[in-house]
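Chains, contacts and geometry: an overview
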Amino acid sequence: MKQFTRLAAVAALGALMGTTAMAEGLSTPNLAYRTGPFAATGIPIMNGQADYMAMLNARDGGIGGIAIDFSECETGYNTEKGVECYEKTKGTAIVTQPWSTGITLQVLPKTNVDEIPILAPGYGFSPMADGAVFQWAFNTPLSYWDGASIILKYISEMGDLSGKKVAFLHLDHPFGKEPLPYLEMKAEEMGFELLPIPVGLKEMQNQSAQWLQIRRERPDYVVLWGWGAMNAGAITEAAKTKYPMENILGVWWAGHDADLKLVGEDGKGYKSVSWSFPNPDAPVMADVKKYVIDAGKSQTNPEEMEGVFYSRGLVISAILAEGIVVAQEHAGKPDISASDLRWGLENLNLTEERLEELGLTGMVPPFSTSCSNHTGHSGGWILEWDGAKFVKASDLIMPDSEAISELEMAKAKEYAEANAPWPVNEDCQM
C-alpha cells in the first residue's frame, strides 16, 4: 500500500536540506474539552485526534521528518477559557483548533491579526466558507448549513415538506443557532413551518418542558441540533414520550453511539447526518492500534474505537496532517509557518485515491478546497441506529451548494461590514 508517499518525499527533502526533526516539533494545539457538560462527546473525538498524530509520530517520525506537537489546552467548552487558551498557545502555533462555535467566533477576528489559520472541521461559523472574506478560517469538509441542507433533502425524499411542521430542537448557544438563517430561508421557500425550540445549558438533562411542547405541537419531524449531555436528554425524553424515532434527525454532533446505547432498541430508527463513518477494516485503524493503542500511548478504550466520534477524531487530524503535507510540498521545506499551512489548507484535494493512500477508505467523502472555498462541501451520509450501532441509511447526499453559496456570500459580506475595516482578498472571490 502507498501510504504517505507524498509525505515521505517531503521527509527526504528535509533530510537533504539538513532539517531533521525539531525537538519541539510543529505546534498544532487543540483547544480540547475533556471536562464539563460536553465531555462525554468531547473525549472520544479528542482521543481520535491525538491518536492519529501519535501514530504519525511513531510510524513516520512526524510529518516530513518533523514531529507534531499536538498538545491540548483544556477549555471545558467555555468560551472565556477558550480565548485564554488561544492567547496562551498562539505564540508558536501554526494552527488553532477552537472547537466551540462560541470560541471560534471570538478568535475569528484575532486570527486575521495574528495570521494563524483556524481549523474547525464541521463546525464554527458557516460563512467561513467564503475564503475571500475569511482568509484564515477553514470549516472543512462540511458547514452547518450543508448539514441542514442534507437533512432537509433526505426528509423531502420521503414526501413534500409543504404544509408540514418541523421542530428545531437546539442548544441555546451559538452552535445551536448557527443553522437558523438557512432553515428560515428554506422554510419560506419550501412552505413548511419551522418551530425553533431552544434548550438552555441548565436544561440539557431535563428537557421535560421542551418535549411537552413537542407533544402539544405534534411536529412531523424533529431536527435535533444537540451536543453533549443535551443529546442523551433529548433521546431519552423522545423514548419516554414515544415520539417516532424515525422522524428525528440529528446533526453530526448528535450521532454519538453512547447516547443511543442509553435507550438501545427503543432508539431504533433514530437518524443523524454525518461526514465521517467508522471503518474498522481501514488500514489506518490497524496502524493506530499497532503504533499507539498496543504501545500504551493512548487514553482510548476498545469500545470507543468502534464509535462514530473516535473515527471522526482520526479524520479531523488526517485533514490537518494533509494540510501540513500540502504546505510542506509548496514551501519546499518541512519546517512550515502558519502562513504556509494556510496555503496548504486552501489547496486540499482529498480524492478517493488519496484517501486510499492515507488508509482512510470509506471514512470520509472526497472533497477539495480552494482560495475561495474554505469548506469543500463534501456531502454526507444519513446514519441510522439499528438498536445496537449506527449503520449507513443513505448513499452520499450532496448539499444545496447554489443556495448555500449565495447565503454564505451575503452573510460574509454582512460580517465584514459589521466588523469594518475587515480585510478582503479581492482576487479570491467565490
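Details of the structure are given in the entry above.
What counts and how
For every chain, the first residue of the written sequence is number 1, and numbering continues from 1 along that sequence. Per-residue local features of the predicted model are confined to residues with pLDDT of at least 70, and side-chain atom pairs are confined, for both listing and counting, to 80 or more; whole-chain, interface and lining totals are unaffected and use all residues. For side-chain calculations, the full set of non-hydrogen atoms in the structure is used, while hydrogens and water are omitted. Secondary structure elements follow DSSP: runs of H or I no shorter than four residues count as helices, runs of E no shorter than two count as strands, and numbering proceeds from the N terminus. C-alpha atoms define the radius of gyration in this analysis, and the globule rule sets the expected value at 2.2 Å times the number of residues to the power 0.38. Accessibility here uses a 1.4 Å probe with only protein chains present; expressed as a share of the type maximum, an area under 20% marks a residue as buried, one over 50% as exposed, and anything in between as partly exposed. Residue contacts follow a heavy-atom distance rule, with two residues in contact if any of their heavy atoms lie within 4.5 Å. Note on areas: these come from Shrake-Rupley sampling with a 1.4 Å probe, and a residue is covered only by the protein chains present in the view. The positive count covers Lys and Arg only, the negative count covers Asp and Glu only, and His and the chain ends enter neither. To locate a charge, take NZ of a lysine, CZ of an arginine, CG of an aspartate or CD of a glutamate. The rule for pairing is simple: two strands pair if DSSP sees at least two bridges between them. Cysteine sulfur atoms are paired as a disulfide whenever they come within 2.5 Å of each other.

**Structural notes on the overall build of the protein**
Counting secondary structure elements, the protein contains 16 helices and 13 strands. Taking 430 residues into account, the globule formula puts the C-alpha radius of gyration at 22 Å, and the protein, at 21 Å, falls close to it. Burial status across the protein gives 60% buried among its 430 residues. Intrachain contacts of the protein at a sequence separation of at least 6 include 72% that bridge at least 24 residues. Carbon and sulfur atoms form 50% of the exposed surface of the protein, whose accessible area is close to 16,000 Å². Averaging the coordinates of the 33 positive side-chain charges in the protein and doing the same for the 56 negative ones gives two points 5 Å apart.

**Concerning helix α14 (residues 338–345)**
Judged by how many residues are buried, α14 sits mostly within the fold: six of eight residues are covered. On its buried face, α14 sits against β3 (118–119), β4 (137–138) and α13 (308–331).

**Description of the pairing of strand β12 (residues 381–385)**
Within β12, four of the five residues are buried, leaving the element largely enclosed by the surrounding structure. Sheet topology note: the β12/strand β13 (residues 390–392) ladder contains three bridges and is antiparallel. The partner of Glu384 across the bridge, within β13, is Val391. The turn joining β12 and β13, which pair antiparallel and follow one another in sequence, is formed by four residues; a positive phi near 105° is taken by Gly387.

**Comments concerning the state of the cysteines**
Per the stated rule, a full pass over the model turns up two disulfides. Paired through a disulfide, Cys73 and Cys85 show a sulfur-sulfur distance of 2.0 Å. With the S-S bond torsion at -80°, the cross-link from Cys73 to Cys85 turns out left-handed. Here Cys85 lies in helix α3 (residues 79–89) and Cys73 lies in the loop between β2 (68–69) and α3, a separation of twelve residues in the sequence. Of the two residues, Cys73 and Cys85, both sit in the buried class.

This is a description of form; function is not addressed.
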